[in-house]
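Residue-level structure breakdown
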Amino acid sequence: MKNIIMYSSMHWPGCPPVKEALSQADIKFAYVDISSGMLPLKQFLKYRDHRAEFDPIKEKGQVGVPCIVVNDGEQILFSIPEDLDVLR
């Protein structure tokens with residue numbers, strides 16, 4: 001079973017649909033709202049500040065949520081993949 005974390009923010013409207021899609025597909029994941037405190041934000045920034053996948057997002061001045069991290073960074077996604085089996 002894969003370890004999946006969804007980094008999100010309650011302040012970004014694009015996040016709830018991703019959370020709902022993962023839940024409806026019965027994908028097991030940890031949900032982390034980066035706007036809920038300093039520790040969740042720091043956990044997210046560990047990826048955002050050091051991973052090349054975020055470079056185009058940062059160049060646009062965006063935050064990068066929703067962000068789905070698979071197996072501690074083995075894969076980073078910013079939307080629901082067409083084939084949800086990659087998350088199983």
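The preceding data block contains the structure.
Notes on the structure in this doc start here. Quantities reported herein were computed from a predicted structural model and do not represent experimental measurements.

1. Focus on the sheet that holds strand β2 (residues 30–33)
One open sheet holds the four strands; their spatial order is β2-β1-β3-β4, and the pairing between them is mixed. The sheet terminates laterally at β2 and β4 (75–77), the two strands that pair on one side only. In this sheet, adjacent strand axes meet at a mean angle of 20° when their direction is disregarded. In the sheet, strand β3 (residues 67–70) pairs with β4 via three bridges, with the strands oriented antiparallel. Residue pairing across strands places I68 opposite L77, the latter belonging to β4. Across the sheet, helix α1 (residues 15–24) is in contact with β1 (4–8), β2 and β3; its angle to β1 comes to roughly 160°. Sheet strands touched by helix α2 (residues 38–48): β1, β2, β3 and β4. Its angle to β1, the strand with the most contacts, is close to 110°.

2. Quick look at the pairing of β2
As defined by bridge partners, β1 adjoins β2 across four bridges and the pair is classed as parallel. In the strand pairing of β2, M6 is matched with Y31. The handedness of the β1 to β2 crossover, carried by α1, is right-handed.

3. Overview of unusual backbone geometry
The linkage connecting V65 with the following residue, P66, adopts the cis geometry, with an omega of 0°. Turning to its location among the elements, P66 is positioned in the loop between α3 (55–59) and β3. One non-glycine residue with positive phi stands out, namely D26, at about 60°. Positionally, D26 belongs in the loop between α1 and β2. Phi is positive for D72, close to 55°, though the residue is something other than glycine. Within the fold, D72 resides in the loop between β3 and β4. Given the relative accessible area of 57%, D72 is considered exposed.

4. Here's the deal with α2
In an α-helix, one turn spans 3.6 residues, which is why side chains three or four residues apart end up on the same side. Taken together, the buried positions of α2 are occupied by P40, F44, Y47 and R48. Buried residues along α2 cover an arc of 95° about the axis, so they all sit on one side. Opposite its buried face, α2 presents the exposed residues M38, L39, K42 and K46, each directed more than 90 degrees away. Those residues of α2 that are buried are in contact with β1, β2, α3, β3 and β4.

Cut-offs and rules
- Residues numbered from 1 in each chain as written.
- Predicted model: local features only at pLDDT ≥ 70, side-chain atom pairs only at ≥ 80, totals over all residues.
- Heavy atoms only, no water.
- Pairing = 2+ DSSP bridges.
- Helix = DSSP H or I, 4+ residues; strand = E, 2+ residues; numbered from the N terminus.
- Axes fitted to C-alpha atoms, helices over the stretch in contact; angles between N-to-C directions.
- Contact = heavy atoms within 4.5 Å.
- Right-handed = clockwise from strand over helix to strand, strands pointing away.
- Buried < 20%, exposed > 50% of the residue type's maximum accessible area, 1.4 Å probe, protein only.
- Arc of directions from axis to C-beta.

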